[in-house]
Amino acid sequence: MLGMWRSGNRFTLLPEGARFLPSMLEAVEGARHSILLELYLAESGHLSRVLIEALSAACQRGVNVLVLLDGFGSLGLEEADRQRMTEAGIALRFYNPIRWWRFGRNLTRDHRKLLVVDGEVGFTGGFGAVDEFAEAWSEVAIRIEGPCIRDWVRLFARVWDSAASEGQGRREAVRSVNINAVNVVTGYLGMRGRVVWGHGFRYQAIRHSLQHQASSTRKRLWICTPYFVPTFSMRRRLKRAARRGVDVQLLIAGQHHDHPGVRSAGQRFYASLLKAGVRIHEFQPRFLHAKFSLADDWVTLGSCNFDHWSLQWNLEANQEVQDHRFAAEVAGLFEQHFARSVEITRAAWQRRSLAQRCREWGYGTLDSLVTRLR
Ligand SMILES: O=P(O)(O)OC[C@H](O)CO
């Protein structure tokens, strides 16, 4: 059953593209039976070329390669690249391609990021097949081995083998993927984990899980997100946690941002969060695109942002881990990032310029309107 806690996993934290991209490519190059790849962002460029070459080589070795791309997020993938993929034997499907007559349904996107090789090893995080993940953006991924892999395969299969996706890849191609190869990790104390997902308004396990953690955590609640435009109920929970003495810290993308308007829309909440005792850090070196959170020894990491799209509209999926060793690693990563950020103090925020206040009001109003579209 999906959404269950499972023991005996091994989770490896892979901060930055320099670590997770080679690890993912190595897994693809070593594939023997199947490769499942599901991405929101895919764009023609160096990274997608390298990836297509590795996937095509796997096809030539007889590996069953299934690639599921979001119909909007992959608009930047040129026709020539799509053709190269299908000619190489890669089964390709697209989730919810844009159609004007679908109106508001076009807003639902497959935002998940997932790679599973041979039903044995998987990766999730905030990555996509665009060159920014090589260096320009700061990103984090997790490598997964163990019983959770079965849930990732099932999650992929549900969308692949459904009317929500379309394309030349046959729906039944996913049914032959072996999920019995999974090994319970032995030789050391395996970790507990569970796969959580969200499907728009219909199913919101990631959101509910985050809310539950925000309400029940005792010591710390640290959240890293590039797009911080939280719902009213999430803001209330963050403030309540801070007021009851929990160490609540937000790590948010700073001036390097791919959607500065989204940043401004989220900044309109800073004043009330700071007043409640929430600490806010804006990351300085480059655009911080990673999505991971830590509540005591609980970690969640995956595709889900802190905005209405992610929390209420999209298909999302995160890996949750309950393990003090993994939590200590994630806490270390947070501390490294805090050190490379500017902390926004309440006094400094009260002195912000009129232009900044106008941006918050303008983009905030726009954000409120957009969230009413569906
Ligand atoms: O939606 P994300 O988090 O995968 O990021 C997508 C990029 O921001 C698109 O500009």
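Residues numbered from 1 in each chain as written. Predicted model: local features only at pLDDT ≥ 70, side-chain atom pairs only at ≥ 80, totals over all residues. Heavy atoms only, no water.

Draft legend 1. Highlighting the overall build of the chain. When its secondary structure is counted, the chain shows 12 helices and 19 strands. Relative to its length of 374 residues, the chain is compact, with a C-alpha radius of gyration of 20 Å against a globular reference of 21 Å. Expressed as lengths along the three principal axes of its C-alpha atoms, the size of the chain is roughly 60 × 50 × 35 Å. Sorting the 374 residues of the chain into buried and exposed places 59% on the buried side. For the chain, the computed accessible surface area is about 15700 Å², with 53% contributed by carbon and sulfur atoms. Averaging the positions of the 51 positive and the 37 negative side-chain charges in the chain gives two centres separated by 10 Å. (Helix = DSSP H or I, 4+ residues; strand = E, 2+ residues; numbered from the N terminus. Rg over C-alpha atoms; globule rule 2.2 N^0.38 Å. Buried < 20%, exposed > 50% of the residue type's maximum accessible area, 1.4 Å probe, protein only. Areas by Shrake-Rupley, 256 points an atom, 1.4 Å probe, with all protein chains shown as cover. Lys, Arg positive; Asp, Glu negative; His and termini not counted. Charge placed at Lys NZ, Arg CZ, Asp CG, Glu CD.)

Draft legend 2. Molecular detail of a positive patch on the surface. Together, Arg236, Arg240, Arg243, Lys275 and Arg346 line one region of the surface with positive charge. For the positive patch, the element with the highest residue contribution is helix α6 (residues 232-243), accounting for 3 residues. Inspection of the secondary structure puts Arg240 in helix α6. (Patch = residues over 30% accessible without salt bridge, like charges linked within 9 Å, V, L, I, M, F, W, Y side chains within 5 Å. Salt bridge = Lys/Arg side-chain N within 4 Å of Asp/Glu carboxyl O.)

Draft legend 3. Expanded view of the side chain of Gln319. Examined against the element boundaries, Gln319 turns out to sit in strand β18 (residues 315-322). The class of Gln319 is buried, set by a relative accessible area of 0%.

Draft legend 4. Structural view of unusual backbone geometry. Even without a glycine there, the phi angle at Glu16 is positive, about 75°. Assignment of secondary structure puts Glu16 in the loop between β1 (6-15) and α1 (17-29).

Draft legend 5. Broad picture of helix α10 (residues 324-339). Taking 1.5 Å per residue, 16 residues should reach 22 Å; α10 reaches 22 Å between its end C-alpha atoms and fits that length. Buried residues of α10: Phe326, Ala327, Val330, Ala331, Leu333, Phe334, His337 and Phe338, and no others. Buried positions in α10, seen along its axis, are confined to an arc of 160° and lie on one side of it. Seen from the buried face of α10, the exposed residues on the opposite side, beyond 90 degrees, are His324, Gln336 and Ala339. (Expected span 1.5 Å × (residues − 1). Arc of directions from axis to C-beta.)

Draft legend 6. Here's a closer look at the domain arrangement of the chain. What the domain assignment lists for the chain is domain 1 (10-176) and domain 2 (200-371). Across the boundary between the two partners, domain 1 contributes 30 residues, which contact 28 residues of domain 2. In total, about 2300 Å² of surface goes out of reach between domain 1 and domain 2, with carbon and sulfur atoms giving 66% of it. Three residues stand out in domain 1 for area buried against domain 2, namely Leu13, His111 and Ser138, and they jointly supply 26% of the buried area on that side. Connecting domain 1 to domain 2 are 1 salt bridge. Salt-bridge contacts for Arg286 lead to Glu16; the nearest nitrogen and oxygen are separated by 3.0 Å. On the surface where domain 1 and domain 2 come into contact, there are 14 residue pairs in polar contact (both at pLDDT 80 or more). Residues of the side of domain 1 that touches domain 2, tallied by class, amount to 16 nonpolar, 7 polar and 7 charged. (Domains from an automatic or database assignment. Contact = heavy atoms within 4.5 Å. Buried area = accessible area lost by both parts, 1.4 Å probe. Polar contact = N/O pair within 3.5 Å; in protein donor to acceptor, adjacent residues only side chain to side chain. Nonpolar A, V, L, I, M, F, W, Y, C, P; charged D, E, K, R; others polar.)

Draft legend 7. Examining the nonpolar core more closely. Ile35, Leu55, Val65, Val67, Phe292, Phe326 and Phe334 are the most contacted members of the largest nonpolar core, which totals 86 residues. Ranked by residues supplied to this core, first place goes to helix α4 (residues 148-160) with 8 residues. Both domain 1 (10-176) and domain 2 (200-371) contribute no fewer than three residues apiece to this core. The residues contacting Phe334, other than those within four sequence positions of it, are Trp222, Ile223, Cys224, Leu251, Phe292, Ser293 and Leu294. Leu210, Ala241, Ile252 and Cys304 belong to the second largest nonpolar core, which has 30 residues in total. (Core = buried A, V, L, I, M, F, W, Y, C linked by side-chain atoms within 4.5 Å.)

Draft legend 8. Region of interest: the site of the ligand. Taken together, Tyr40, Leu41, His111, Lys113, Tyr227, Asp258, His259, His289, Lys291 and Asn305 are the residues near the ligand. With respect to the ligand, the side chain of His289 contributes an N or O atom lying 2.7 Å from an oxygen atom. A distance of 2.6 Å separates an oxygen atom of the ligand from a polar side-chain atom of Lys291. Looking at the shell around the ligand, its residues break down into 3 nonpolar, 4 polar and 3 charged. Shared between two domains, the shell around the ligand takes at least three residues from each, and those domains are domain 1 (10-176) and domain 2 (200-371). (Near = heavy atom within 4 Å.)

Draft legend 9. Local environment of the environment of Glu343. Within the secondary structure, Glu343 sits in strand β19 (residues 341-344). Residue classification places Glu343 among the partly exposed positions, given a relative accessible area of 34%. For Glu343 and Ile280, which are 63 residues apart along the polypeptide, the C-alpha to C-alpha distance reads 5.7 Å. When sequence neighbours within four positions are dropped, the list of residues in contact with Glu343 reads Arg279, Ile280 and His281. A polar side-chain atom of Glu343 sits 2.9 Å from a polar atom in the side chain of Arg279.

Draft legend 10. Representation of the packing of α1 against helix α2 (residues 46-60). Where α1 meets α2, the closest approach of the two axes is 9 Å, and the angle between their N-to-C directions is 20°. Relative to α2, the element α1 is oriented roughly parallel. In the crossing of α1 with α2, the sense of the turn from one axis to the other is left-handed. Side by side, α1 and α2 meet where Leu21, Leu25 and Val28 of the first sit next to Leu47, Val50, Ala54, Leu55 and Ala58 of the second. Split by residue class, the contact of α1 with α2 holds 8 nonpolar, no polar and no charged. (Axes fitted to C-alpha atoms, helices over the stretch in contact; angles between N-to-C directions. Parallel < 35°, antiparallel > 145°, perpendicular 65-115°, else oblique. Left-handed = near helix turned anticlockwise from the far one by under 90°.)

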